[in-house]
Amino acid sequence: MRRAGWGACLAAAAVFAGFLALPPAASAHEIPSRVTVHAFVKPEGNELTALLRIPMEAFGEISFPLRGPGYLRISEADFALRDAARVYITESLRFYENGVELTEKDLRAVRVSLPSSRAFTDFDTALENIHSPPLGDEVNLFWRQGVLDVLVGYPIEAADSDFSVDPQLGTLSDETTTVLRFILPDGGERAFNYLGNPGLVELDPRWHQAALRFVIMGFEHILEGVDHLLFLFCLVIPLRSLRHLIPVVTAFTIAHSITLIASAMGVAPRALWFPPLIETLIALSIVYMAFENIVGAWSGQGSSEGRWSRGSWSERRWMVAFGFGLVHGFGFSFLFSETLQFAGGHLLSSLLAFNVGVELGQLLVLILVIPVLNLLFRHLLAERVGCILLSALLAHSAWHWMLDRGAQLQLFTLQWPVFDSLFFAALMRWGMLLIVVVGGFWLTYELFRRFNLVRSFAELRGGARPAQ
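Since this is a predicted model, take the numbers as computed values, not measurements.

Reading the values: rules and limits
- Residues numbered from 1 in each chain as written.
- Predicted model: local features only at pLDDT ≥ 70, side-chain atom pairs only at ≥ 80, totals over all residues.
- Heavy atoms only, no water.
- Helix = DSSP H or I, 4+ residues; strand = E, 2+ residues; numbered from the N terminus.
- Buried < 20%, exposed > 50% of the residue type's maximum accessible area, 1.4 Å probe, protein only.
- Contact = heavy atoms within 4.5 Å.
- Pairing = 2+ DSSP bridges.
- Axes fitted to C-alpha atoms, helices over the stretch in contact; angles between N-to-C directions.
- Parallel < 35°, antiparallel > 145°, perpendicular 65-115°, else oblique.
- Left-handed = near helix turned anticlockwise from the far one by under 90°.
- Nonpolar A, V, L, I, M, F, W, Y, C, P; charged D, E, K, R; others polar.
- Patch = residues over 30% accessible without salt bridge, like charges linked within 9 Å, V, L, I, M, F, W, Y side chains within 5 Å.
- Areas by Shrake-Rupley, 256 points an atom, 1.4 Å probe, with all protein chains shown as cover.
- Salt bridge = Lys/Arg side-chain N within 4 Å of Asp/Glu carboxyl O.
- Lys, Arg positive; Asp, Glu negative; His and termini not counted.
- Charge placed at Lys NZ, Arg CZ, Asp CG, Glu CD.
- Phe/Tyr/Trp six-rings, centres within 6.5 Å; stacked < 30°, edge-to-face > 60°.
- pLDDT = per-residue confidence, 0-100.

Novice: Whenever I open this one, the overall build of the chain confuses me. Can you help?
Specialist: For the chain, the helix and strand inventory stands at 13 helices and 12 strands. Looking at the 468 residues of the chain, the share that counts as buried comes to 46%. Put simply, of all contacts in the chain between residues at least 6 apart along the chain, 78% involve residues at least 24 apart.

In structure tokens, the structure reads:
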């Protein structure tokens, strides 16, 4: 019995080892970690042509005819290639003409190319390549290493219509990058480079289409940017009144608008260390404002109106907000530069629209946060204690961000600039930016003084109600 038991165990172990030795059944269906899709879209006459190149490793669920150790049998692969093009490509691309979806489509051609092929440098070369004779079976090409060129035609009414696309190619891999070039009727070109599924993309947007898109982008960015929200909370906590927040928020808005516009115009440094530096300074701005709240609350004296004396730092708080607003503006510019491709030829209107979206997001935050804080300090926490506790929590989070981002910044090696013509040209641009910043600061001060907004800080400091 013992021998039989040992024999059964050995047999089971052998079967299990045999299963382990087999190639995993799911390996053919693995989703690649990263794929780059290249595409040309060109309206001409009464047809919209879409020409795409996709790595074949994204077609894991298609059974291709193979030979030898896994080489693609190209002469017998036409049906499978067209099946892959229909399942993965044509059904995932939705083109629109003047807002109406182009439902009729014609898969004109498919062709396997070598990964070293440079045919997608321009539209004409790519079109010539896909119409060239297919590769022969003597080419030893592992199917996962090939790239598939796909040509699709869509009937349209006119080449100068408004075209848009909703590409759903993000499922081809864990991280799908699409490089799409739209050929304008006049021969110009609009280039797009995006990750995943970007939603509806206007290929040649009108100014109002671009403006609407960037208003939404700016609005969403301020609501999704946790560090910008925490900075706003630091501004709101001690001054829970729109009247007293107007100078601070206005100064912050003017300042970040200056650096956002300057960065969009190419004034910001392009060095790799600059974004980590800005992110570190943004975290530092939260820490500073939170500690300023704590110091002001700790040293203040209560008043009959439920507000404490803020001290002299309250009068200059709009100046501090202006200074940090310059830093946050560069932070906003990083997102704007990534999405600038969706602006078409409307840089200025898109820039202003993005800024409007940011301001709308800030206004929404103020409208929601001020009543909540007033209720909290009225019914749950004493005003001074609540200000200290909330500011300490914000400072704690921002402090860790500052340390983490500072550690990333230290990974970069800073070098002395080369004193050449490019350096002095950049120095002149920064000098012009400094003049604009000083002018913006002076205009902000004059604006506050003219409308007696600075006086509200003095009244707040004395604990008296501002004159109505």
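Novice: In this structure, what is going on with the pairing of strand S2 (residues 47-55)? I would like to understand it.
Specialist: Along any regular strand, the residues point their side chains to alternate faces of the sheet. Summarising burial for S2: eight of the nine residues are buried, a large majority. Note that strand S1 (residues 34-44) and S2 share seven bridges and pair antiparallel. Of the residues in S2, the one forming a bridge with Ala39 is Leu52. Hairpin connection of S1 to S2: two residues between the antiparallel strands, including Gly45 at a positive phi of 65°. Note: S2 against strand S8 (residues 147-155), nine bridges, orientation antiparallel. Residue Thr49 lies in a different strand from S8, and its bridge partner there is Gly153.

Novice: Got a minute to help me understand the side chain of Gln362 in this structure?
Specialist: Looking at the secondary structure, you find Gln362 in helix H10 (residues 347-379). Of the residues examined, Gln362 reaches a relative accessible area of 2% and is grouped as buried.

Novice: Sorry if this is basic, but what is going on with the sheet that holds strand S11 (residues 189-195) here?
Specialist: Sheet strands pair by backbone hydrogen bonding; their relative direction is either parallel or antiparallel. Taken together, the six strands give an open sheet; going across it, the order is S7-S8-S2-S1-S10-S11, and neighbouring strands pair in mixed fashion. Two strands lie at the open edges of the sheet, namely strand S7 (106-113) and S11, each paired on one side alone. Neighbour to neighbour, the strand axes of the sheet diverge by 15° on average, direction disregarded. Packing of helix H2 (residues 78-90) onto the sheet brings it into contact with S2, S7 and S8, and relative to S7 it is tilted by some 115°. Along the sheet, helix H3 (residues 123-130) makes contact with S1, S2, S7 and S8, crossing S2 at roughly 75°.

Novice: Whenever I open this one, the packing of helix H5 (residues 226-236) against H10 confuses me. Can you help?
Specialist: Any two packed helices are characterised by the angle at which their axes cross and by the distance between the axes. Where H5 meets H10, the closest approach of the two axes is 10 Å, and the angle between their N-to-C directions is 50°. Of the possible angle classes, the one that applies to H5 and H10 is oblique. Crossing handedness for the pair H5 and H10: right-handed. Residues Leu229, Leu232, Phe233 and Val236 of H5 pack against Gln362, Val365, Leu366, Val369, Ile370 and Leu373 of H10. Broken down by class, the residue content of the contact of H5 with H10 amounts to nine nonpolar, one polar and no charged.

Novice: Help me out: how do you make sense of the sheet that holds strand S5 (residues 93-97) in this one?
Specialist: With respect to topology, four strands assemble into an open sheet ordered S6-S5-S9-S12, the strand pairing being antiparallel. Unpaired on one side and paired on the other, strand S6 (100-101) and strand S12 (201-202) mark the two borders of the sheet. In this structure, S5 lies alongside strand S9 (residues 163-167), joined through five bridges in antiparallel fashion. Bridge pairing links Tyr96 to Ser164 in S9.

Novice: Just checking my understanding: could you explain a negative patch on the surface for this structure?
Specialist: Residues Asp122, Asp124, Glu128 and Glu189 make up a contiguous surface patch of negative charge. Relative to the helices and strands, Asp124 is located in helix H3. A relative accessible area of 54% places Asp124 in the exposed class.

Novice: Any chance you could explain the packing of H5 against helix H11 (residues 383-409) here in plain terms?
Specialist: Two elements in contact, H5 and H11, have axes whose closest approach is 11 Å; the angle formed by their N-to-C orientations is 140°. With respect to H11, the element H5 is oriented oblique. The way H5 lies across H11 gives a crossing that is left-handed. Residues Val226, Asp227, Leu230, Phe233 and Cys234 of H5 lie in contact with H11, whose contacting residues are Leu394, Trp401 and Arg405.

Novice: Honestly, the packing of aromatic side chains in this entry has me stumped. Any pointers?
Specialist: Aromatic ring pairs are defined here through the distance separating the ring centres and the angle between the ring planes. Across all of its chains, the model carries 16 aromatic pairs by this definition. Between Phe64 and Trp143, the aromatic rings sit 5.4 Å apart at their centres with planes inclined by 35°, giving tilted as the arrangement. Separated by 79 residues along the polypeptide, Phe64 in the loop between S2 and strand S3 (66-67) and Trp143 in the loop between H3 and S8 bring together distant segments of the chain. Ring centres 5.1 Å apart and planes at 20° place the aromatic pair Trp318 and Phe441 in the stacked group. Here Phe441 lies in helix H12 (residues 421-450) and Trp318 lies in helix H9 (residues 317-339), a separation of 123 residues in the sequence. Accessibility expressed as a relative area gives 31% for Phe441, which makes it partly exposed.

Novice: Please explain the pattern of salt bridges as it appears in this structure.
Specialist: Once their charged atoms are close, side chains differing in charge can pair, the charge on each being opposite to the other. In the structure shown here, the tally under the stated rule is 11 salt bridges. When the shortest N-O distance is used, the salt bridge between Arg108 and Asp106 registers 2.5 Å. In this structure Asp106 comes out as partly exposed when scored by relative accessible area, which is 36%.

Novice: Looking at this structure, I do not really get the confidence of the model for the chain. What am I missing?
Specialist: Note that predicted coordinates carrying low pLDDT should not be read in detail. With 85% of its residues at a pLDDT of 70 or more, the chain shows a mean pLDDT of 81. When the criterion is pLDDT under 50, residues 8-28 qualifies, and its contacts beyond four places in sequence or with other chains add up to four contacts. Here residues 301-314 is modelled with pLDDT under 50, and outside its nearest four sequence neighbours on either side it reaches 38 contacts, counting other chains as well.

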